[in-house]
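Coordinates in review
The chain contents come next:
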Amino acid sequence: MAATGRAVDAFVRDHLTGSSAPDGGLFEAMQYAALGPGKRFRPALVMAGAELFALPHPSALRVAAAIELVHTYSLVHDDLPCMDDDDLRRGRPTTHVKFGEATAVLVGDALLPLAFELLVHPETHSRAEVRIELVRGLAVASGAHGMVVGQMLDLAAEHRVLDLDGITRLQELKTGALITFACESPAVLAEASGGERAALRAFARDLGLAFQITDDILDVEGTAAAVGKGVGKDASAGKATFVSLLGVEAARARADGLMEQAAAHLDCFGARAATLRALGRFVVQRSA
Ligand code: GRG
């Protein structure tokens, strides 16, 4: 993950360097948001998936960076006063606290299309059909049939208490859809078989839920200093989470079970999936 993080950060930095023309500080704020000390978990999934198909590193890196840019935009907008109103992200002031609200909105607005600009470039894949499939996949995962409707359901959850099925659906959309695209995208680049794509999607579904359950546990058990963002917010907003519905111990057991289930979906890839399996273990063992 550290190696992927360095490679993605170097690539993103290169694409977030403005010309000498005045930009009002836009690129500085975009760099602040995109290059903060996050885990780069979604890029790590792409690069681990690339190992399954022996994909060329530069091509997978472009997809990894595109997904991280979308993830970063979602965090910047999620932290805004009109959404979660958070002051701390990745152990630092959130983008709107540092640069102002209007700039933070524009940072998100600029990061999102930049992701698609990366995907459509011929260096991502020589075949236009493959690039279109990637664009479609990221659009669906991040838009009104994925992350955005998940966020909308999350906002609505402040006014009505969700049950386990409701929380699961919300999280599959809000955080799961992008994680699923990260896992599936190497198979798209490789023009892999339907069976291999389905296996990666099944892995991602269980992995995404385990990731979210662990996030809920960290929200209860972690400190802001360790996690790098405000904690205890769901409880104070009266929102149901996997932990509030199941309790910490049962939530942890469910995350562990999901991880084992996720790893089993990778059996068809044999030893080539070692890094993906390790990322799965990281998901439930992480402390930030
Ligand atoms: C604003 C359209 C819009 C969507 C926001 C994903 C999301 C939707 C909001 C994030 C809120 C949140 C903290 C969700 C919990 C799970 C999650 C996505 C955590 C942050 O991802 P990490 O842990 O963060 O990968 P780093 O900083 O490591 O990249």
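Note that this is a predicted model, so its numbers are computed, not measured.

Side note on the overall build of the protein chain
Counting its secondary structure elements, the protein chain contains 15 helices and 2 strands. For the protein chain, whose C-alpha radius of gyration is 18 Å, the value lies close to the compact-globule estimate of 19 Å for 288 residues. Along the longest, intermediate and shortest principal axes, the C-alpha atoms of the protein chain span 50 × 50 × 30 Å. Residues classed as buried in the protein chain amount to 50% of the 288 residues present. Sequence-distant contacts in the protein chain: of pairs separated by 6 or more residues, those separated by 24 or more amount to 72%. For the protein chain, the accessible area works out to roughly 12500 Å², and carbon and sulfur atoms hold 57% of it. Put simply, the protein chain has 28 plus and 36 minus side-chain charges, and the middle of one group is 3 Å from the middle of the other.

Section: the side chain of S142
Structurally, the position occupied by S142 is in helix 7 (residues 128-142). Judged by its relative accessible area of 6%, S142 is buried. Here L138 takes part through its backbone oxygen, which lies 2.7 Å from a polar atom of the side chain of S142. Every residue in contact with S142, bar those within four places of it in the chain, is listed here: V70, F116, M147 and V148.

Notes on the site of the ligand
Around the ligand there are 19 residues in total, and K39, R42, H71, D78 and R90 lie nearest to it. For the ligand, an oxygen atom lies 2.8 Å from a polar atom in the side chain of H71. In this structure, R90 approaches the ligand through a side-chain N or O atom, which is 2.8 Å from an oxygen atom. In the complex, the protein chains occlude 93% of the 700 Å² of accessible area that the ligand would expose alone. When residues of the shell around the ligand are traced back to their parent elements, those giving at least two are helix 4 (57-78), helix 8 (147-156), helix 9 (164-189) and helix 10 (194-221). Here the element with the most residues in the shell around the ligand is helix 4; it accounts for 6 residues. Looking at the shell around the ligand, its residues break down into 5 nonpolar, 7 polar and 7 charged.

Structural notes on the pattern of salt bridges
Inspection of the entire model under this criterion finds 19 salt bridges. Between E129 and R127 there is a salt bridge; the shortest N-O distance is 3.6 Å. We note a salt bridge from R205 to E172, for which the minimum N-O separation is 2.7 Å. Residue R205 is located in helix 10, and its partner E172 is located in helix 9; the two are separated by 33 residues in the primary sequence. For E172, a relative accessible area of 24% translates into the label partly exposed.

A short note on helix 6 (residues 101-120)
Taking 1.5 Å per residue, 20 residues should reach 28 Å; helix 6 reaches 30 Å between its end C-alpha atoms and fits that length. Every buried residue of helix 6 is listed here: A104, V107, G108, L111, L114, A115, F116, L118 and L119. Packing partners of the buried residues in helix 6 comprise helix 1 (2-15), helix 2 (26-34), helix 4, helix 5 (95-99) and helix 7.

Overview of helix 4
The end-to-end C-alpha distance of helix 4 is 31 Å, a good match for the 32 Å that 22 residues give at a rise of 1.5 Å each. Within helix 4, 20 of the 22 residues are buried, which leaves it mostly tucked inside the rest of the structure.

Quick word on the packing of helix 4 against helix 9
At a minimum axis separation of 11 Å, helix 4 and helix 9 run at an interaxial angle of 160 degrees. Regarding the angle of helix 4 to helix 9, the classification is roughly antiparallel. Crossing handedness for the pair helix 4 and helix 9: right-handed. Here S59, A60, V63, I67, V70 and H71 of helix 4 come into contact with helix 9, specifically with L178, F181, A182, S185 and L189. Grouping the constituent residues of the contact of helix 4 with helix 9 by class yields 8 nonpolar, 3 polar and no charged.

Section: the packing of aromatic side chains
Going through the model one piece at a time under the given rule, you end up with 4 aromatic pairs. Considering the side-chain rings of F41 and F282, the 6.2 Å spacing of their centres and the 40 degrees angle between planes classify their relative orientation as tilted. Here F41, found in helix 3 (residues 41-52), pairs with F282, found in helix 15 (residues 274-285); they are 241 residues apart in sequence, far enough to count as distant. With relative accessibility at 1%, the residue F41 sits in the buried group. Taking the relative accessible area as the measure of exposure, F282 reaches 24% and is therefore partly exposed. Pairing F53 with F269 gives two aromatic rings, centres 6.0 Å apart and planes at 90 degrees, and the pair type is edge-to-face.

Quick notes on the rules
Residues numbered from 1 in each chain as written. Predicted model: local features only at pLDDT ≥ 70, side-chain atom pairs only at ≥ 80, totals over all residues. Heavy atoms only, no water. Helix = DSSP H or I, 4+ residues; strand = E, 2+ residues; numbered from the N terminus. Rg over C-alpha atoms; globule rule 2.2 N^0.38 Å. Buried < 20%, exposed > 50% of the residue type's maximum accessible area, 1.4 Å probe, protein only. Contact = heavy atoms within 4.5 Å. Areas by Shrake-Rupley, 256 points an atom, 1.4 Å probe, with all protein chains shown as cover. Lys, Arg positive; Asp, Glu negative; His and termini not counted. Charge placed at Lys NZ, Arg CZ, Asp CG, Glu CD. Polar contact = N/O pair within 3.5 Å; in protein donor to acceptor, adjacent residues only side chain to side chain. Near = heavy atom within 4 Å. Nonpolar A, V, L, I, M, F, W, Y, C, P; charged D, E, K, R; others polar. Salt bridge = Lys/Arg side-chain N within 4 Å of Asp/Glu carboxyl O. Expected span 1.5 Å × (residues − 1). Axes fitted to C-alpha atoms, helices over the stretch in contact; angles between N-to-C directions. Parallel < 35°, antiparallel > 145°, perpendicular 65-115°, else oblique. Left-handed = near helix turned anticlockwise from the far one by under 90°. Phe/Tyr/Trp six-rings, centres within 6.5 Å; stacked < 30°, edge-to-face > 60°.

Note that every value here comes from positions in space, so none of it alone points to a role or purpose.
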